[in-house]
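Below are the chains, spelled out letter by letter.
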Amino acid sequence: MARVVELSYYPVKGCAGVAVDDAEMTVAGLAYDRSFMVTDERGGFRSQRRSPRLALIRPEVVDGGGRLLLRGPGTDSLAVAVDTSGPRRDVSLFGAPYQGIDQGDEAARWLTEFLGEPGRLVRVPPEHHRITDGLTPGTSGYADSCAVHLLSRASLRELNARLAERGGEPLPMDRFRPNVVVEDWDEPHTEDRIRRVTIGTAELAYAKLAVRCAVTTVEQTTAVRSGPEPLRTLADYRRAATGGVAFGTKFAVLGTGKLSVGDEVTVASWGDSEL
């Protein structure tokens, strides 16, 4: 039986994740996942695609969501008192308009100094309304698309074996920034075929394949781009029918609940891969 071996949430879009043993699954994914975002001075989102130093920021939500800790190498940490009721400002994500609650000038100064470019921190407002795409619609905070990203170790082993054939180094799981990592499937990319699954007391439904971008070429502990891998190797065998290369799957949340490392992954229905 497949089981969960890693759980991670990413409080600030584009920044490092927080590994946990237990997590609440909300309608928008793991609690606090991508609930904050760094924007430029015009409200456009920043990501590792153009701001790779985001990878070095280690955020953590504490005090039941009341504070956000920001840590980074070579600088003092900052505790941000989370504002959930302040004035809204316009932000954009892949050209789509949303709202964000600005978290103040102190957080903006910290981010700007660390990144070396203007940055402001915004939080998803309580009234945030977003419908995500894919086979099963859902919602999410400031994630690229769907609420939950699931990836299996078998899929990563297959990729690393192909990289080794080219003389490349193996890649760690954090290159792909999944929320849920699964072990004990013999076949790589078994996750492509899941259509409905229960983990702990949470129920998920398949939305779409995870099409990968240049963020996968950023070494997460140094913020150094290492391209063209893994995109070059993935292009050999994981070209998506809709374009790009796919690695992992995205899910919408059908039922909220709690999940933990060690939980069984119980698949209720399967389908054909959309690759």
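Before reading on, note that the structure itself is shown above.
Quick look at the structure, then. If you're wondering where the values come from, they're calculated on a predicted model, not measured in any experiment. (Residues numbered from 1 in each chain as written. Predicted model: local features only at pLDDT ≥ 70, side-chain atom pairs only at ≥ 80, totals over all residues. Heavy atoms only, no water.)

1. Section: the overall build of the protein
The secondary structure content of the protein amounts to three helices and 20 strands. Overall, the C-alpha framework of the protein stretches about 50 × 40 × 30 Å when taken along its three principal axes. When the 275 residues of the protein are sorted by exposure, 55% land in the buried category. In the protein, 69% of the contacts between residues at least 6 apart in sequence involve partners at least 24 apart. Taken as two groups, the 34 positive and 38 negative side-chain charges of the protein have centres that lie 4 Å from each other. (Helix = DSSP H or I, 4+ residues; strand = E, 2+ residues; numbered from the N terminus. Buried < 20%, exposed > 50% of the residue type's maximum accessible area, 1.4 Å probe, protein only. Contact = heavy atoms within 4.5 Å. Lys, Arg positive; Asp, Glu negative; His and termini not counted. Charge placed at Lys NZ, Arg CZ, Asp CG, Glu CD.)

2. Things to note about the packing of aromatic side chains
Applying the stated rule across the entire model yields five aromatic pairs. When the centroid spacing of 6.4 Å and the interplanar angle of 55 degrees are considered together, the rings of Tyr9 and Tyr32 count as tilted. Of this pair, Tyr9 sits in strand β1 (residues 3–9) while Tyr32 sits in the loop between β4 (29–30) and β5 (36–39), placing them 23 residues apart in sequence. Judged by relative accessible area, which is 9%, Tyr9 ranks as buried. By relative accessible area, Tyr32 is classed as partly exposed at 31%. Pairing Phe45 with Phe94 gives two aromatic rings, centres 4.8 Å apart and planes at 55 degrees, and the pair type is tilted. (Phe/Tyr/Trp six-rings, centres within 6.5 Å; stacked < 30°, edge-to-face > 60°.)

3. Topic: the pattern of salt bridges
Considering all chains together, one arrives at 21 salt bridges under this definition. For the salt bridge of Asp144 with Lys13, the shortest nitrogen-to-oxygen distance reads 2.3 Å. With Asp144 in the loop between β11 (120–123) and β12 (148–152) and Lys13 in the loop between β1 and β2 (18–20), the pair connects residues that are 131 residues apart, well separated along the chain. By relative accessible area, which is 5% here, Lys13 ends up buried. Among the salt bridges present, the one from Asp236 reaches Arg166, with a minimum N-O distance of 2.5 Å. (Salt bridge = Lys/Arg side-chain N within 4 Å of Asp/Glu carboxyl O.)

4. Examining the environment of Glu158
Relative to the assigned elements, Glu158 resides in helix α2 (residues 153–165). With 30 residues separating them along the chain, Glu158 and Pro188 place their C-alpha atoms 6.5 Å apart. Beyond its immediate stretch of four places on either side in the chain, Glu158 contacts Pro188 and Tyr237. Engagement of the side chain of Glu158 in a polar contact is seen with the side chain of Arg162, the distance being 2.7 Å. (Polar contact = N/O pair within 3.5 Å; in protein donor to acceptor, adjacent residues only side chain to side chain.)

5. A few points about the side chain of Ser155
Within the secondary structure, Ser155 sits in helix α2. Not counting residues within four places of it along the chain, the set of residues in contact with Ser155 comprises Pro188, His189, Glu191 and Phe247.

6. Brief notes about the sheet that holds strand β7 (residues 67–71)
Reading across from one edge, β6-β7-β8 is the order of the three strands in this open sheet, with antiparallel pairing throughout. This sheet does not close on itself; its edge strands, each paired only once, are β6 (58–62) and β8 (78–81). Looking at each pair of strands side by side, their axes are set apart by 20 degrees on average, direction ignored. The sheet contact formed by β7 and β8 spans four bridges and is antiparallel. Note that in β8 the partner of Leu68 across the bridge is Val80. Across the sheet, helix α1 (residues 105–115) is in contact with β7 and β8; its angle to β8 comes to roughly 145 degrees. (Pairing = 2+ DSSP bridges. Axes fitted to C-alpha atoms, helices over the stretch in contact; angles between N-to-C directions.)

7. As for the sheet that holds strand β18 (residues 246–255)
The strand order across the open sheet formed by eight strands is β2-β1-β13-β12-β18-β15-β14-β20, and the pairing between neighbours is mixed. A single partner strand is all that each edge strand has here, and the edge strands are β2 and β20 (265–270). Across the sheet, the mean angle from the axis of one strand to that of its neighbour is 35 degrees, orientation sign disregarded. As paired strands, strand β15 (residues 202–211) and β18 are joined by seven bridges and run antiparallel to one another.

8. Looking at α2
Taking 1.5 Å per residue as the helical rise, α2 with its 13 residues ought to reach 18 Å, and the 18 Å between its terminal C-alpha atoms agrees with that figure. Turning to α2, its buried residues number three or more, namely Ala154, Ser155, Leu156, Leu159, Asn160 and Leu163. Looking at the buried positions of α2, the neighbouring elements they touch are β12, α3 (231–237) and β18. A positive backbone phi angle near 85 degrees is found at Gly167, which sits one or two residues after α2. (Expected span 1.5 Å × (residues − 1).)

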